[in-house]
Amino acid sequence: MWRAIYPLELKQHLCLYATTLVGGNKWIFELNGEYSSVDIPQTVEADDSEILRNIAIAGGGIAYLPYCLIGKEIAAGKLVPILTNYATSQFELSLYFKPRRHMPTRCANFKEYLVKRTPEIDLERKKGIAHANGKPFTQLA
């Protein structure tokens, strides 16, 4: 059973992070409107979040991963969220394009794909918040 920990205590644990996610080994937390950051010194670094998920499931450390990637593992008890009282990264997506009379087909298709997926992505985000307090930190149970 895990006890509640504070972000600075992460420096005492083996932590896993994806170079492709915002922040890399600098993890930022928000609690009651106050922000703090932790530079994670002992890390396993990878550019593939699925590899990090598998390492965390095998007991390799604390991973900073999006809920959509680990929701099933949390539900199955393979991973346990920690630091659940802290807020972590939020992402925004903006699409800018120059209005044209004849937009290239690939651009129009990409724009339509993003617009179509927006409600689905928002629903996944809300489900993540409802099921795991929206916190992506996980640890092997």
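Nothing here was measured: the structure is a model prediction, and the numbers come from that model.

### Thoughts on the packing of helix α1 (residues 49-57) against helix α2 (residues 67-75)
Then comes step 1: At a closest axis distance of 11 Å, the pairing of α1 and α2 adopts a crossing angle of 25°. With respect to their mutual orientation, α1 and α2 come out roughly parallel. Handedness of the α1/α2 crossing: right-handed. Between α1, through S49, E50, R53 and I57, and α2, the contact on the second element is made entirely by L69, I70 and E73.
Then comes step 2: Classifying every residue of the contact of α1 with α2 by side-chain character gives 3 nonpolar, 1 polar and 3 charged.

### Here we look at the packing of aromatic side chains
Then comes step 1: Following the criterion strictly, the structure yields 2 aromatic pairs and no others.
Then comes step 2: Arranged with centres 5.9 Å apart and planes meeting at 75°, the rings of F29 and Y86 form a pair that is edge-to-face. Taken as a pair, F29 in strand β2 (residues 26-31) and Y86 in the loop between β6 (79-81) and α3 (105-132) lie far apart in primary sequence, 57 residues in all. Each of the two residues, F29 as well as Y86, counts as buried.

### Observations concerning α1
Then comes step 1: Burial in α1 covers these residues: S49, L52, R53 and A56. The buried residues of α1 occupy an angular sector of 105° when projected down its axis, which confines them to one face.
Then comes step 2: Residue D48 occupies the N-cap position of α1, its side-chain oxygen lying 2.9 Å from the main-chain nitrogen of E50.
Then comes step 3: A positive phi of about 90° marks G59, the residue just after α1.

### Here's the deal with the pattern of salt bridges
Then comes step 1: Scanning the entire structure with this criterion turns up 2 salt bridges.
Then comes step 2: A salt bridge links D39 to K26, with the shortest nitrogen-to-oxygen separation between them at 3.8 Å. Residue D39 is found in strand β3 (residues 34-39), and its partner K26 is found in strand β2; the two are separated by 13 residues along the sequence.
Then comes step 3: Judged by relative accessible area, D39 falls into the partly exposed class, the value being 42%.

### Quick notes on the nonpolar core
Then comes step 1: One finds L10, C15, W27, F29, I40 and L83 to be the most contacted residues of the largest nonpolar core, which totals 13 residues.
Then comes step 2: The set of elements that each furnish at least two residues to this core consists of β1 (15-18), β2 and β5 (62-64).
Then comes step 3: Membership of the second largest hydrophobic core comes to 12 residues, among which are A46, A56, A63 and I74.

### Structural notes on the pairing of β1
Walk down a regular strand and you will see the side chains alternate between the two sheet faces.
Then comes step 1: Burial along β1 is two-sided: the face carrying C15 and Y17 and the face carrying L16 and A18 are both buried.
Then comes step 2: The pairing of β1 with strand β4 (residues 43-46) spans 4 bridges and is classified as parallel. In the sheet register, A18 faces β4, and the bridge partner there is A46.
Then comes step 3: Pairing geometry for β1 and β5, over 2 bridges, is parallel. Bridge pairing in β5 links L16 to A63.

About the cut-offs
Residues numbered from 1 in each chain as written. Predicted model: local features only at pLDDT ≥ 70, side-chain atom pairs only at ≥ 80, totals over all residues. Heavy atoms only, no water. Axes fitted to C-alpha atoms, helices over the stretch in contact; angles between N-to-C directions. Helix = DSSP H or I, 4+ residues; strand = E, 2+ residues; numbered from the N terminus. Parallel < 35°, antiparallel > 145°, perpendicular 65-115°, else oblique. Left-handed = near helix turned anticlockwise from the far one by under 90°. Contact = heavy atoms within 4.5 Å. Nonpolar A, V, L, I, M, F, W, Y, C, P; charged D, E, K, R; others polar. Phe/Tyr/Trp six-rings, centres within 6.5 Å; stacked < 30°, edge-to-face > 60°. Buried < 20%, exposed > 50% of the residue type's maximum accessible area, 1.4 Å probe, protein only. Arc of directions from axis to C-beta. Polar contact = N/O pair within 3.5 Å; in protein donor to acceptor, adjacent residues only side chain to side chain. Salt bridge = Lys/Arg side-chain N within 4 Å of Asp/Glu carboxyl O. Core = buried A, V, L, I, M, F, W, Y, C linked by side-chain atoms within 4.5 Å. Pairing = 2+ DSSP bridges.

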